[in-house]
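Examining the three-dimensional arrangement
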Amino acid sequence: MTASTNGYRVAVDVGGTFIDFALLDEATGELTIEKQPATATRLAEELLTGLGRLPVAAGEIGRLFHGTTVAINAVLQERGVTVGLLTTSGFRDVLAIGRGARPEIYNFFYSPPEPLVPRHLRREVAERMAADGSELEPLDVDALDLEVEWLLGNGVEAIAVCFLHAYANPAHEREAVERIRATHPELSVTASSEVATEWREFERTSTTVLNSYIQPPFAAYLGDLGGRLKSAGYTRPFALMQSNGGVIDASRAAQLPIRTLESGPAGGVIGARALAAELGYADVICADVGGTSYDVALIEGGHILERTDTKVGGRPVVGPGIDIVSIGAGGGSIAWIDHRGAVKVGPQSAGAHPGPACFGLGGDEPTVTDCHLVLGRLDAQNFLGSRMQLDVEAAERAIEARIADRIGATLEQAADGILAIAETNMTYAIRAITVERGLDPREFALFSYGGGGGLFAAATAEELEIPTVVVPRAPANFSAWGILTSDYRDDAALTRVRPFDPGAIAGLVSDLRELARRATTDLRAYGFDESELDHHYRTDARYAGQEHTITVPLETQWVENEHALLAGVRERFVALHRQLYGHGEEDAPLEVVTVRCRAVAQVGHPRFPEWHSQGPAAAERARQVYFRSTGGFVETSVFDRERLARDQVVEGPAIVEEWTTTIVVPPGWSVRVDRLGDLVLEHGESR
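In what follows, the accompanying structure is described.

Analysis parameters
Within each chain, residue numbers correspond to sequence positions counted from 1 in written order. It should be noted that, the model being predicted, local features are given only for residues of pLDDT at least 70 and side-chain atom pairs only at 80 or more, the latter also being counted only at that level, while totals for whole chains, interfaces and linings use all residues. With hydrogens and water stripped out, all remaining heavy atoms of the structure feed into the side-chain values. A pair of strands is labelled paired if DSSP reports no fewer than 2 bridges between them. A run of H or I in DSSP becomes a helix once it reaches four residues, and a run of E becomes a strand once it reaches two; helices and strands are each numbered from the N terminus. Axes here refer to lines fitted to C-alpha atoms; in helices the fit is confined to the stretch in contact. Angles between the N-to-C directions go from 0 to 180 degrees. Note on definitions: a residue-residue contact is assigned when non-hydrogen atoms from the two residues lie within 4.5 Å. What a helix is expected to span follows from its residue count: subtract one and scale by 1.5 Å. Exposure is judged per residue with a 1.4 Å probe applied to protein chains only, and the accessible area is read against the type maximum: over 50% gives exposed, under 20% gives buried, and values in between give partly exposed. Side-chain rings of Phe, Tyr and Trp, where Trp is taken by its six-membered ring, are said to pair if the distance between their centres is within 6.5 Å; with planes under 30 degrees apart they count as stacked, over 60 as edge-to-face, and otherwise as tilted. The criterion is that NZ of a Lys, or CZ of an Arg, lies within 6 Å of the ring centre and within 35 degrees of the ring normal, and then a charge sits over that ring. To get the bend at any residue, fit one axis to the seven residues that end at it and another to the seven that begin at it, then take the angle between the two axes. Disulfide: a pair of cysteine sulfur atoms within 2.5 Å of each other. Salt bridge, as used here, is a side-chain nitrogen of Lys or Arg placed within 4 Å of a carboxyl oxygen of Asp or Glu. Distance and chemistry together define a polar contact, namely a pair of N or O atoms within 3.5 Å, with one atom able to donate a hydrogen and the other to accept it when in protein, and with adjacent residues in sequence counting only for side-chain atoms on both sides. Roughly parallel covers angles under 35 degrees, roughly antiparallel covers those over 145, roughly perpendicular covers 65 to 115, and oblique covers all other angles. Note on residue classes: Ala, Val, Leu, Ile, Met, Phe, Trp, Tyr, Cys and Pro are nonpolar, Asp, Glu, Lys and Arg are charged, and everything else, Gly too, is polar.

**Concerning the sheet that holds strand E6 (residues 122-125)**
- Strand order in the open sheet formed by four strands is E6-E5-E9-E10, and the pairing between neighbours is parallel. Strands at the two margins of the open sheet, each flanked by one partner only, are E6 and strand E10 (188-191). This sheet shows a mean twist of 20° between the axes of neighbouring strands, independent of strand direction.
- Sheet topology note: the strand E9 (residues 158-162)/E10 ladder contains four bridges and is parallel. Along E10, the bridge assignment pairs Ile-159 with Val-189.
- Each of strand E5 (83-88), E9 and E10 touches helix H7 (residues 201-232); the most contacted strand, E9, lies at about 160° to it.

Here's what the structure looks like:
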């Protein structure tokens, strides 16, 4: 497969409020962006509507990448199908028992989410594998057949198979799944060994059940989308963005939707890393302000921070992914008053329909967007390039009736207070991935993007004393642009606890090579040659006797040099242990728990065109804008971003507008246009 199609590449990012499009002309590097409102019940239809607005026909598109919230929304809103679970005799209640802990130790009313599979649909089958993969009891296929028929008779639409220690030896799971699929080919069946090849029974079971829970509706969505694309003239395969920051073929994603839970936010982080490398920033806080959520991630030393497990809706998911912290704070976040009379913002969102009150689509709840409008930060006549006319009076009525009148505040005080709460929530999210991990946010640059990124960038940076903010070009579509820069990726992992010593190193190397083979199987099936694939290895290690592990990156050449592998892993593990915990013994015995391999097939990355260097642009107009630091409205110059010249500096207060977003430059701040057209905001004290 060639690295480029020498044609057009399109990325589509489906969010909770809008669908964002980015079209790249691979011959010229020209980028075209588009937006389309998102309606949960008509996503495929509206995706095609937005695609039709692009200046090329669907048949001219060479490659289509798709980031989606379909999977994660199905989990969070619990809109999956009825799932039956087949497990080893004696382990029926793993899903309900979990870890037996209370994560919120000071919340006496805490209760974990109910299992997605009720107890009567969790069925046991006689079989048993040992932790080392040896068979203790063969699979009882007759009992398996009876349980499957019982589940189908009780309305099950998908079956999850999770046998004990299947990560060590998946033979029984494979036998069961093949038998079920042979007799019921229309039934959705997921084996734990297909989605989670690591230990910890509760987490593996949860991941397998979640995949089964959302697989039928997710596959139906992709089938509908594929049919519509074909009718529109696009007949090539398309790919889905994964949580790990790479894309996977849609046919594979249809079977493994669990891999796409953080699909959209991951695209923005991948784009931020590419832009940061181009601009020379090694340490970056990535902040994506969308319509429903605020997503934060870190780039440290040029590398994206990742994790191997996460929780979605309180339920654990095993699998590699970018370490993203998400909170319910975005343009559509609703302001409300709780039972104690305190004003809250989010996590509820008005979405695109009915949307904020100012959209005029029937919404009557005050949102963050309504507040920006009444404070003069948004232009009611020039929203989304004048495609939408915002209703200022409707926004004022919503804020006054639901908030201002009830707390005895003026309209401006209520609107500014709502924004202050939203900003505080955002700074807490940034602190969670920096300060709480021993990192100083003042040593990072803040990359702020998404439709609302420019509205909040300066305020959050000032609170955290972050010296530099970068708002990239077309920030509202930046996650879609990031998806354009993504490569095909596949991950493989294997849990096998062994001492990390010279006697076990040959087995470790053998496992790494086997994982490389597994990770490249699908990529080769997509048409990539072996010479086009890169391999990245990691291992989860710990001191002997410990419970938890640290993920240690390995150099590729260590796989061919056992001495280098022994020395390198120990050195890096001790350094990471000291960074995290403040201590680490150099000579204490180690254990390797899980080994990992990622195969990457690059598809060619977009170039960064230089920004024009025409003369400095004057303000287009001026309007009254409310700023907290001044305590009132200030006459504020409004600039058209497309007219700003390279290296032009604008002192705040100022507003910079483009057709998809608005950037606020408060008093005491300045904004400079860099060589690529990005806006670099700096506070007066840091210049």
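**Overview of helix H9 (residues 263-279)**
- With 17 residues, H9 ought to run about 24 Å at 1.5 Å a step, and its terminal C-alpha atoms sit 25 Å apart, in line with that.
- For H9, the buried fraction is high: twelve of the 17 residues fall into the buried class.
- If you check which residues of H9 are buried, you get Ser-263, Gly-264, Pro-265, Ala-266, Gly-267, Gly-268, Val-269, Ile-270, Gly-271, Ala-272, Leu-275 and Ala-276.
- Positive phi appears at Gly-280, one or two residues downstream of H9, with a value of about 90°.

**Focus: the packing of aromatic side chains**
- Enumeration according to the criterion identifies ten aromatic pairs in this entry.
- Residues Tyr-281 and Phe-447 carry aromatic rings whose centres are separated by 5.7 Å and whose planes lie at 85° to one another, so their mutual orientation is edge-to-face. Residue Tyr-281 is found in the loop between H9 and strand E13 (284-289), and its partner Phe-447 is found in strand E21 (residues 445-449); the two are separated by 166 residues along the sequence.
- Exposure remark for Tyr-281: the relative accessible area of 24% places this residue in the partly exposed category.
- Residue classification places Phe-447 among the buried residues on the basis of a relative accessible area of 0%.
- By way of ring pairs, the aromatic residues Phe-65, Tyr-488, Tyr-526 and Phe-528 are connected into one cluster.
- Of note, Arg-123 hangs over the ring of Trp-150, and the distance from its end group to the ring centre comes to 3.9 Å.

**Considering the environment of Pro-55**
- With respect to the element layout, Pro-55 can be found in the loop between helix H1 (43-53) and strand E4 (61-67).
- Note on Pro-55: relative accessible area 59%, which makes it exposed.
- Sequence-wise, Pro-55 and Thr-32 are 23 residues apart; in three dimensions their C-alpha atoms are separated by 8.3 Å.
- Contacts of Pro-55, omitting those with residues within four sequence positions, involve Leu-23 and Thr-32.

**Things to note about the pairing of strand E1 (residues 8-14)**
- The element E1 is extensively covered by neighbouring structure, given that six of its seven residues are classed as buried.
- Note that E1 and E4 share six bridges and pair parallel. The partner of Arg-9 across the bridge, within E4, is Arg-63.
- Looking at chain direction, E1 and strand E2 (residues 18-25) are connected through seven bridges and run antiparallel. Across the sheet, Tyr-8 pairs through a bridge with Asp-25, a residue of E2.
- Connecting E1 to the antiparallel partner E2 that follows it, the hairpin turn spans three residues.

**Concerning helix H11 (residues 392-407)**
- Taking 1.5 Å of rise per residue, the 16 residues of H11 would be expected to cover 22 Å, and the 21 Å separating its terminal C-alpha atoms lies within 8% of that figure.
- Of all the bends in H11, the greatest, near 50°, is centred on Glu-400.
- Summarising the contacts, the buried residues of H11 are in contact with strand E19 (333-337), strand E20 (343-349), helix H10 (368-374) and helix H12 (411-433).
- Gly-408 lies just past H11 and shows a positive phi near 70°.

**Topic: the sheet that holds strand E28 (residues 632-640)**
- Ordered by their spatial adjacency, four strands build an open sheet running E27-E28-E30-E31, and the pairing between neighbours is mixed. At either margin of the open sheet sits one strand with a lone partner, and together these are strand E27 (621-627) and strand E31 (661-665). Here the strands of the sheet are splayed against their neighbours by 35° on average, with no regard to which way each runs.
- With five bridges joining them, strand E30 (residues 654-658) and E31 adopt antiparallel strand pairing. Of the residues in E31, the one forming a bridge with Ile-655 is Val-664.

**Regarding the state of the cysteines**
- Per the counting criterion, the structure on display carries zero disulfides.
- In this structure Cys-358 is not part of a disulfide, and its nearest cysteine sulfur, from Cys-371, lies 9.7 Å away.
- Take Cys-358: its relative accessible area is 0%, and that puts it in the buried class.

**So, the environment of Gly-155**
- As for its placement among the helices and strands, Gly-155 is situated in the loop between helix H4 (141-153) and E9.
- For Gly-155 and Val-81, which are 74 residues apart along the polypeptide, the C-alpha to C-alpha distance reads 9.8 Å.

**Here we look at the pattern of salt bridges**
- Enumeration over the complete set of coordinates arrives at 49 salt bridges.
- Two residues, Glu-46 and Arg-42, come together in a salt bridge whose shortest N-O distance is 2.9 Å.
- The exposure class assigned to Arg-42 is partly exposed, which follows from its relative accessible area of 37%.
- One salt bridge connects Glu-620 with Arg-643, and the closest N-O pair in it is separated by 3.3 Å. Here Glu-620 is found in the loop between strand E26 (590-601) and E27, whereas its partner Arg-643 is found in the loop between E28 and strand E29 (649-651), with 23 residues between them in sequence.
- By relative accessible area, which is 37% here, Glu-620 ends up partly exposed.
- Connected through salt bridges with shared partners, the residues Glu-278, Glu-610, Arg-646 and Arg-675 form a single ionic network.

**Observations regarding the side chain of Arg-122**
- You can see Arg-122 is positioned in strand E6.
- According to the relative accessible area criterion, Arg-122 is buried, its value standing at 3%.
- Reaching out from Arg-122, the side chain makes a polar contact with the backbone oxygen of Val-117 at a distance of 2.7 Å.
- The contacts of Arg-122, once residues within four sequence positions are left out, are Leu-85, Arg-92, Asp-93, Leu-95, Ala-96, Pro-115 and Val-117.

**Points about the packing of H11 against H12**
- Packing of H11 against H12 leaves a shortest axis separation of 10 Å and a crossing angle of 80°. As summarised for this structure, H11 and H12 are arranged roughly perpendicular, according to the angle between their axes. Counted together, Glu-396, Ile-399, Glu-400, Ile-403 and Ala-404 of H11 and Leu-411, Ala-414, Ala-415 and Ile-418 of H12 form the full contact between these two elements.
- Tallied by class, residues from the contact of H11 with H12 come to seven nonpolar, no polar and two charged.

**Focus: the packing of helix H15 (residues 505-525) against helix H16 (residues 562-581)**
- Here H15 crosses H16 at 95°, and the two axes come no closer than 10 Å. When the axis of H15 is compared with that of H16, the two are roughly perpendicular. The residues of H16 that touch H15, namely those facing Ile-505, Ala-506, Leu-508 and Val-509, are Glu-562, Leu-565 and Leu-566.
- A breakdown of the residues in the contact of H15 with H16 according to their chemical character gives six nonpolar, no polar and one charged.

**With respect to the side chain of Thr-88**
- Looking at where Thr-88 falls in the secondary structure, it is placed in strand E5.
- Overall, Thr-88 belongs to the buried group, its relative accessible area being 0%.
- In this structure the side chain of Thr-88 is engaged in a polar contact, spanning 2.8 Å, whose partner is the backbone nitrogen of Leu-164.
- Once residues within four sequence positions are removed from consideration, Thr-88 is found in contact with Glu-124, Val-125, Glu-127, Arg-128, Cys-162, Phe-163 and Leu-164.

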